[in-house]
Amino acid sequence: MFEIFAEIFSVPVLVRALIVGILVSLCAALLGVSLVLKRFSMIGDGLSHVGFGALAIATVMNLAPMAVAIPVVIAAAFLLLRLTSNGKIKGDAAIALISTGALGIGVMAVSLSSGVNVDINSYLFGSIISVSKSDVVISVILALIVLFMFVFFYTKIFAITFDESFAKATGGAVNVYNMMIALLTAITIVIGMRLMGSMLISSLIIFPALSSMRVFKSFLSVTISSAVVSVVSFIIGMIISYALDTPCGASIVCVNIAMFAGFFAVGLVSRKRA
Amino acid sequence: MALIKVDDLTLSYENIMVIKDLSFKVESGDYLCIVGENGSGKSTLVKGLLSLKKPESGTIEFGEGLRKNEIGYLPQQTSAQKSFPASVYEVVISGCLNSRGIRPFYSSREKKIALDNIERLGITDLKNRSYRDLSGGQQQRVLLARALCATKKLLLLDEPVTGLDPIITAEFYELISKINKEGITVIMVTHDISAALKYANRVLCMREEGWFFGGIDEFKKSDFANLAKGGGKDV
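Description of the structure in this document. Every value quoted in this text rests on a predicted model; they were computed, and no experiment measured them.

### Some thoughts on the overall build of chain A
- For chain A, the helix and strand inventory stands at 13 helices and zero strands.
- Over its C-alpha trace chain A gives a radius of gyration of 19 Å, about what one expects of a compact globule, namely 19 Å for 274 residues.
- Dimensions of chain A, computed from C-alpha atoms along their principal axes, come out at roughly 60 × 50 × 30 Å.
- Going through the 274 residues of chain A one by one, you find that 54% of them count as buried.
- Restricting to contacts in chain A with at least 6 residues of sequence separation, those with at least 24 account for 79%.
- Of the accessible surface of chain A, which amounts to about 11,900 Å², a share of 74% is contributed by carbon and sulfur atoms.
- Within chain A, the 9 negative side-chain charges are centred at a point lying 15 Å from the centre of the 15 positive side-chain charges.

Right under this line is the structure:
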């Protein structure tokens with residue numbers, strides 16, 4: 001066990017991946033609690049597909065991937081938020097439309113540019129060596145913002161997540177908070193995507209919150225538990241990935257599945273006793 | 001000056017005018033029931049009263065120092081809420097948010113207001129239970145306690161008994177009536193015209209062809225009440 005840690009810490013790219021992964025897991029879990037409870041979890045999934053499309057096009061056109069992907073995904077997040085809240089197109093259909101559309105465009109872009117050697121596989125399922133130094137900087141800033149928001153605006157996040165109509169009626173700036181959550185989710189997804197892969201990143205948003213909700217009964221305990229579960233799952237997943245030489249994203253998803261099963265069982269037992 | 005004064009109010013919903021030239025007053029201590037068919041503009045009026053919708057024309061004025069974010073609103077429940085992991089205390093104290101500005105944490109005064117309202121509604125023993133494990137009637141009491149944290153003067157209830165069984169419904173009406181007698185003005189949107197007649201002192205009846213506003217006795221004599229009873233419609 002300690003040998004594995006020592007080995008990981010001796011390789012700079014793995015240290016970077018570990019830092020980015022822990023911070024992204026933390027942010028995704030905190031934002032995920034609000035998204036899952038507001039029935040917005042599919043937005044996370046939609047955004048990761050848009051992220052894939054944006055990354056593919058940026059690579060083909062030889063542009064900086066983050067500089068293209070972050071604004072595009074943020075724009076998509078605002079668009080999805082608007083579509084789901086005003087109900088012109090049904091939310092789930094709108095998300096499917098946008099995510100498959102972006103995926104299609106991304107694959108077309110890569111296929112048409114014959115000269116470029118793009119490893120689609122690493123975009124779809126993640127790759128640990130793609131984590132750059134700038135990713136570390138962005139993820140530290142992101143984590144600071146998310147933590148600040150959850151500590152100082154926790155009561156407002158609760159009120160808006162629980163009941164938007166009431167929060168609006170008592171003068172809460174609901175739209176500002178929704179946009180803030182969408183913005184931070186978009187950035188979390190883009191950064192986490194290179195490590196986890198665009199197919200798997202939304203698991204970081206959904207799994208920890210759902211697992212925690214099986215067992216914990218108050219919003220505070222669900223939020224804290226999600227953050228802990230997410231970070232612990234990431235670290236275990238990364239160790240498994242290193243030890244067994246399996247892809248990092250998939251390993252983490254499997255740990256999250258095991259966590260969910262565990263929480264599900266505990267939830268069943270405790271409810272039967274009650 | 002009345003607590004709320006509505007003058008020649010016109011409101012639209014998705015560019016269709018649903019309320020035209022509506023006028024009524026709510027005095028302090030009133031129990032006003034708003035009744036009407038689906039699509040008669042009740043929900044739009046609620047949004048107007050909560051300042052979530054701008055009038056096309058006409059005015060809504062608040063008197064007696066009532067601020068527009070100090071209405072104790074009890075919205076219709078969403079399905080997502082019913083399974084929400086939150087303790088009763090967390091839900092109730094979130095009603096205090098409007099008095100707090102940007103301060104991040106609850107003060108001891110707000111904690112006391114929350115606990116007092118929990119006690120007032122007889123749900124002290126549920127304080128640490130999870131909202132999702134409660135029955136429909138208990139959930140409504142929790143939301144009512146939250147609404148009372150947000151206001152000292154006015155409750156606005158949007159179809160509060162939907163989905164409750166008759167016994168719990170009757171209990172809930174008694175509770176509202178008691179709160180009203182303690183000095184809090186009540187505006188209730190409801191389909192239940194018999195409850196309106198039993199508890200309210202004023203009625204606003206909205207129909208496509210027009211509206212009625214007045215005391216209970218006037219309402220009983222008016223055509224609106226006959227239409228409501230005779231039609232057997234969803235009023």
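### Examining the overall build of chain B
- Scanning chain B from N- to C-terminus turns up nine helices and nine strands.
- Against the compact-globule benchmark of 18 Å for 235 residues, chain B has a radius of gyration of 18 Å, which places it among compact chains.
- Along the longest, intermediate and shortest principal axes, the C-alpha atoms of chain B span 50 × 40 × 35 Å.
- Looking at chain B residue by residue over its 235 residues, the buried ones come to 53%.

### So, the packing of aromatic side chains
- Considering all chains together, one arrives at 18 aromatic pairs over all chains under this definition.
- Seen in terms of ring centroids, Phe24 of chain B and Phe213 of chain B are 5.7 Å apart; in terms of plane orientation they differ by 45°. Their pairing is tilted. Residue Phe24 of chain B is found in strand S2 (residues 16-26), and its partner Phe213 of chain B is found in strand S9 (residues 210-215); the two are separated by 189 residues along the sequence.
- Each residue in the set Tyr154, Phe158, Phe162 and Phe219 of chain A together with Phe84 and Tyr131 of chain B is aromatic and connected to the rest through ring pairs, giving one cluster.
- Over the face of the ring belonging to Tyr89 of chain B we find Lys127 of chain B, whose NZ or CZ atom lies 5.7 Å from the ring centre.
- The ring of Phe166 of chain A has Arg146 of chain B lying over it, and the distance from NZ or CZ to the ring centre is 3.8 Å.

### Comments concerning the side chain of Ser222 of chain B
- Relative to the elements of secondary structure, Ser222 of chain B occurs in the loop between helix H8 (216-221) and helix H9 (223-230).
- A polar contact is formed between the side chain of Ser222 of chain B and the backbone oxygen of Phe219 of chain B, at a distance of 2.7 Å.

### Brief notes about the interface of chain B and chain A
- Opposite the 36 residues of chain B that make contact, chain A presents 25 residues.
- Counting each side, the surface lost to burial between chain B and chain A is near 2,500 Å², with a carbon and sulfur contribution of 63%.
- Where chain B packs against chain A, one counts two salt bridges.
- Connecting chain B to chain A are 13 residue pairs in polar contact (both at pLDDT 80 or more).
- Sorting the residues of the side of chain B that touches chain A by element identifies strand S5 (71-74), helix H2 (79-82), helix H3 (88-93) and helix H5 (136-150) of chain B as the ones contributing at least two each.
- No other element matches H5 of chain B, which puts four residues into the side of chain B that touches chain A.

### Here's the deal with the side chain of Asn178 of chain A
- Mapped onto the fold, Asn178 of chain A is located in helix H10 (residues 174-196).
- For Asn178 of chain A, the contacting residues outside a window of four places in its chain are Lys38, Leu81, Ile160 and Glu164 of chain A.

### Quick word on the sheet that holds S2 of chain B
Residues and elements named next belong to chain B.
- Reading across the sheet, the three strands line up as S2-S1-S4 and stay open at both edges, with antiparallel pairing between neighbours. Lying at the two open borders of the sheet, with one neighbouring strand each, are S2 and strand S4 (57-62). With direction set aside, neighbouring strand axes in the sheet form an average angle of 25°.
- Where strand S1 (residues 4-13) and S2 come together, seven bridges link them in antiparallel fashion. Paired with Lys5 across the strands is Lys25, a residue of S2.
- Taken strand by strand, helix H1 (residues 42-49) contacts S1, S2 and S4, and its axis lies near 120° from that of S1.

Rules of the game
Residues numbered from 1 in each chain as written. Chains lettered and ligands numbered in written order. Predicted model: local features only at pLDDT ≥ 70, side-chain atom pairs only at ≥ 80, totals over all residues. Heavy atoms only, no water. Helix = DSSP H or I, 4+ residues; strand = E, 2+ residues; numbered from the N terminus. Rg over C-alpha atoms; globule rule 2.2 N^0.38 Å. Buried < 20%, exposed > 50% of the residue type's maximum accessible area, 1.4 Å probe, protein only. Contact = heavy atoms within 4.5 Å. Areas by Shrake-Rupley, 256 points an atom, 1.4 Å probe, with all protein chains shown as cover. Lys, Arg positive; Asp, Glu negative; His and termini not counted. Charge placed at Lys NZ, Arg CZ, Asp CG, Glu CD. Phe/Tyr/Trp six-rings, centres within 6.5 Å; stacked < 30°, edge-to-face > 60°. Lys NZ or Arg CZ within 6 Å of the ring centre and 35° of its normal. Polar contact = N/O pair within 3.5 Å; in protein donor to acceptor, adjacent residues only side chain to side chain. Buried area = accessible area lost by both parts, 1.4 Å probe. Salt bridge = Lys/Arg side-chain N within 4 Å of Asp/Glu carboxyl O. Pairing = 2+ DSSP bridges. Axes fitted to C-alpha atoms, helices over the stretch in contact; angles between N-to-C directions.

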